[in-house]
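Here is what each chain is made of, one letter per residue.
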Amino acid sequence: MADHRPDLVEEALRDLGTDRSRMREANRHWQATLRARGFPKGLRRHHVLLGPPEAQEDRRIGDVTCRALLWPVPLWPTLRFEVMAGPGGRVWNEWLVRAPGEPAPGLRGPEDLTPWSCVVDEVARAFAPARPMEGDAPTRWRLAFEGHVAHFTYGLLQYVEPGA
């Protein structure tokens, strides 16, 4: 997210009581752990790294039953880190979503889309029919709507640009 919103990342680091050097070290450790030979794959990986999920449920997507697991996110108490897994525990998607029972922000026009204020699903619903577009990295998504393109990292809005 620092690629798109370094100002908000700096503010978040202050809120979390840390600094860039600790953030870089945490990221280095995270990447090394994920790439370690014997480190578990699939859902087991998330359980090892994040502990038990706060909530989990089965969801039907077409003909397939998926498992959705949610973990709290200290920086954003109204959001959850959601991992969607298919049969056998293979992870299909990881992103931020609104926590169950938390209200979505009021999104009436593009001017309401401020960085870090909403997630993919909220923008897609508010500006239907939004058109999903390929992102420039596995953790990034884009939605085209009403002559704009919204950019997301891990499902959280980063910025909106004219286009589409």
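Residues numbered from 1 in each chain as written. Predicted model: local features only at pLDDT ≥ 70, side-chain atom pairs only at ≥ 80, totals over all residues. Heavy atoms only, no water.

**Side note on the pattern of salt bridges**
- One pass over the structure, following the stated rule, counts 11 salt bridges.
- Between E25 and R28 there is a salt bridge, and its shortest N-O distance comes to 2.7 Å. Residue E25 and its partner R28 are both found in helix α2 (residues 20-35); the two are separated by 3 residues, about one turn of the helix.
- Judged by relative accessible area, which is 40%, E25 ranks as partly exposed.
- By relative accessible area, which is 48% here, R28 ends up partly exposed.
- Of the charged contacts in the structure, one is a salt bridge between E57 and R59, with a shortest N-O distance of 2.7 Å.
- Given the relative accessible area of 40%, E57 is considered partly exposed. (Salt bridge = Lys/Arg side-chain N within 4 Å of Asp/Glu carboxyl O. Helix = DSSP H or I, 4+ residues; strand = E, 2+ residues; numbered from the N terminus. Buried < 20%, exposed > 50% of the residue type's maximum accessible area, 1.4 Å probe, protein only.)

**Overview of the pairing of strand β6 (residues 140-145)**
- Most of β6 sits inside the fold, with 5 of its 6 residues counted as buried.
- Pairing of strand β5 (residues 131-133) with β6 involves 3 bridges; the strand directions are antiparallel. Within β6, the residue paired with P132 across the bridge is L143.
- Taking the residues that link successive antiparallel strands as the turn, the β5-β6 hairpin has 6 residues.
- Bridge count for β6 against strand β7 (residues 148-153) is 6 bridges, and the pairing is antiparallel. When the bridges of β7 are listed, F145 appears paired with H148.
- Between β6 and β7, which pair antiparallel and follow one another directly, the connecting turn spans 2 residues, one of which, E146, has a positive phi of 40°. (Pairing = 2+ DSSP bridges.)

Scope: geometric values only; no functional claims are made or implied.
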